Amino acid sequence: MAAEGGLQIHPMDQFIVKPLFGDGPVMWYTPTNVTLWLLLAVLAIGALMVLGTRRRAVVPTRSQSVAELVYGFIHDMVEDVAGHDGVKYFPYVLTLFLFILFANVLGLIPMSFTTTSHVAVTVVLALFVFLGVTLLGFARKGVGFLSMFWVSSAPLPLRPVLALIEVISYFVRPVSHSIRLAGNLMAGHAVLKVFAGFASVALVSPVAIGAMTAIYALELLVAVIQAYVFTILTCVYLKDAVGDAHH
């Protein structure tokens, strides 16, 4: 942000939650720009997975091909990482991947809102994974689920220390899981907004526009990679609950 009368750049304004109707305070029931773009992400997923595959042609259409490609990719990921027992939870993992992917990509549309840049959204997603995996682990293994914290291959005097480290790292999972996604998207969008502000200055506009194009392409790649990373980490955590002990 520059001095009064100069170039004004407010890269963080794009992350402000605003009501869709009026200018009143945002309450828990207030429809906001977050609500709108969350809904659009859900509708986009429905359009791809339901409308795109309803005919199930032998020679698939483009939408059917994309849907089948995504379906097969995530199914193989779950089976390879979480194991055969983790495949039964594939629908949840696929839904999680598609939701994050579409929310990330829709946030790249000019004048849109990136819902996954808000920790409030990503924390909910991460907590669902954390609580689901924890409850599933105890349901399947009982108290034996706690054996994942006990490194039996380590020397006996070190085991209590390693167990404490394992417990701390386990409870830090939802924090790192959520902040990684939100932080990467927020940083990229803020940088993109800064260069967009400089694009209005005639002297540097060619450089700024070129930089914006490169950053936009990078942000598209980041949107896909972050959805992939969030999903594959979910599969890794799921393996702790449904697989054999890894220590």
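Within every chain, residues take consecutive numbers counted from 1 along the sequence as written. Local features are withheld for residues below a pLDDT of 70 in this predicted model, meaning they are given only at 70 or higher, and side-chain atom pairs are given and counted only at 80 or more; totals for whole chains, interfaces and linings count all residues. Think of the side-chain values as coming from all heavy atoms in the structure, minus any hydrogens and water.

Enquirer: Teacher, can you tell me more about the overall build of the chain here?
Expert: Note on conventions: DSSP H or I runs of at least 4 residues are helices, E runs of at least 2 residues are strands, and numbering of each starts at the N terminus. Across its full length, the chain holds 6 helices and 0 strands. When its helices and strands are written in sequence order, the chain yields α-α-α-α-α-α. Its C-alpha atoms give the chain principal-axis dimensions of roughly 70 × 55 × 40 Å. For every residue, the accessible area obtained with a 1.4 Å probe (protein chains only) is divided by the maximum for its type, and the residue is called buried under 20%, exposed over 50%, and partly exposed between those limits. Expressed as a percentage of the 247 residues in the chain, the buried residues total 38%. We call two residues in contact when some of their heavy atoms are within 4.5 Å. When contacts within the chain are restricted to residue pairs at least 6 apart in sequence, those whose partners lie at least 24 apart make up 67%.

Enquirer: Explain the pattern of salt bridges here, please?
Expert: Two side chains bearing opposite charge may form a pair once their charged atoms approach each other closely. Think of a salt bridge as a Lys or Arg side-chain nitrogen and an Asp or Glu carboxyl oxygen that are within 4 Å of each other. The final tally for this structure, using the stated rule, is 2 salt bridges. Note that R140 and D85 form a salt bridge whose closest N and O atoms lie 3.7 Å from each other. Taken together, the positions of R140 in helix α4 (residues 119–141) and D85 in the loop between α2 (62–82) and α3 (90–106) put the pair 55 residues apart, joining distant regions of the chain. For R140, a relative accessible area of 37% translates into the label partly exposed. On the accessibility criterion, D85 (37% relative accessible area) is partly exposed.

Enquirer: Explain the layout of surface pockets to me, please; I cannot follow it from the model alone.
Expert: The gaps left among the atoms become clear once a water-sized probe is rolled over them. Put simply, the grid is 1 Å and covers the protein atoms alone, a cavity is a trapped set of points that fit a 1.4 Å probe, a pocket is an open set with protein on both sides within 12 Å along at least five of seven lines, and lining residues have an atom within 4 Å of a point. Grid points are joined across faces, edges and corners, and a volume is the space filled by probe spheres set on the points. Size it by volume and the largest pocket reaches roughly 590 Å³. What lines the largest pocket is a set of 21 residues, among which Q14, I109, P110, M111 and S112 lie closest to the centre. Going through the elements one at a time, α1 (33–51), α5 (159–198) and α6 (205–242) are the ones with two or more residues in the lining of the largest pocket. It is α5 that contributes the most residues to the lining of the largest pocket, 4 residues altogether.

Enquirer: Before we go on, may I ask you to explain α1 in this structure?
Expert: For a helix, the expected span equals 1.5 Å multiplied by the residue count minus one. With 19 residues, α1 should reach 27 Å at 1.5 Å per residue; the first-to-last C-alpha distance of 26 Å fits that figure. Buried within α1 are the following residues: N33, V34, W37, A41, I45 and L48. With its buried residues spanning 115 degrees around the axis, α1 presents them on a single face. Exposed and oriented more than 90 degrees from the buried face of α1 are L43, V50 and L51. Its side-chain oxygen at 3.3 Å from the backbone nitrogen of V34, T32 defines the N-terminal cap of α1. Arc definition: directions from the helix axis to the C-beta atoms. Here a polar contact is taken to be a pair of N or O atoms separated by no more than 3.5 Å, where protein atoms must pair a possible hydrogen donor with a possible acceptor and residues adjacent in sequence count only if both atoms sit in side chains.

Enquirer: Is there a simple way to explain the packing of α4 against α5 in this structure?
Expert: Two numbers describe a pair of packed helices, the interaxial angle and the distance between the axes. Interaxial angles span 0 to 180 degrees and are taken between N-to-C directions of axes, which are lines fitted to C-alpha atoms, for helices over the stretch in contact. Remark: α4 packs on α5, axes separated minimally by 8 Å, with the N-to-C direction vectors making an angle of 145 degrees. Here α4 runs over α5; the crossing is right-handed. The residues of α5 that touch α4, namely those facing V119, T122, V123, A126, L127, V129, F130, V133 and T134, are Y170, F171, P174, H177, S178, L181 and A182. In the scheme used here, Gly and all other residues not listed as nonpolar or charged are polar, with Ala, Val, Leu, Ile, Met, Phe, Trp, Tyr, Cys and Pro taken as nonpolar and Asp, Glu, Lys and Arg as charged. Here the contact of α4 with α5 is composed, by residue class, of 12 nonpolar, 4 polar and no charged. The crossing is said to be left-handed when, going from far helix to near helix, the turn is anticlockwise and less than a right angle, and right-handed when the turn is clockwise.

Enquirer: So what exactly am I meant to see when it comes to the packing of aromatic side chains here?
Expert: Here a ring pair, both rings aromatic, is described through the centre-centre distance and the interplanar angle of the planes. Pairing of aromatic rings covers Phe, Tyr and the six-membered ring of Trp, with a centre-to-centre limit of 6.5 Å; geometry is then stacked below 30 degrees between planes, edge-to-face above 60, and tilted otherwise. Counted according to the given criterion, the structure contains 9 aromatic pairs. With centroids separated by 6.4 Å and ring planes inclined at 75 degrees, the aromatic side chains of F145 and Y170 adopt a geometry described as edge-to-face. Taken together, the residues F145 in the loop between α4 and α5 and Y170 in helix α5 connect sequence positions 25 residues apart. Y170 shares its class with F145; the two are buried. Aromatic side chains Y170 and F171 sit 5.8 Å apart centroid to centroid with 85 degrees between the ring planes, which places their arrangement in the edge-to-face category. Put simply, the rings of F130, F138, F145, F149, Y170 and F171 touch in pairs and so form one group of aromatic residues.

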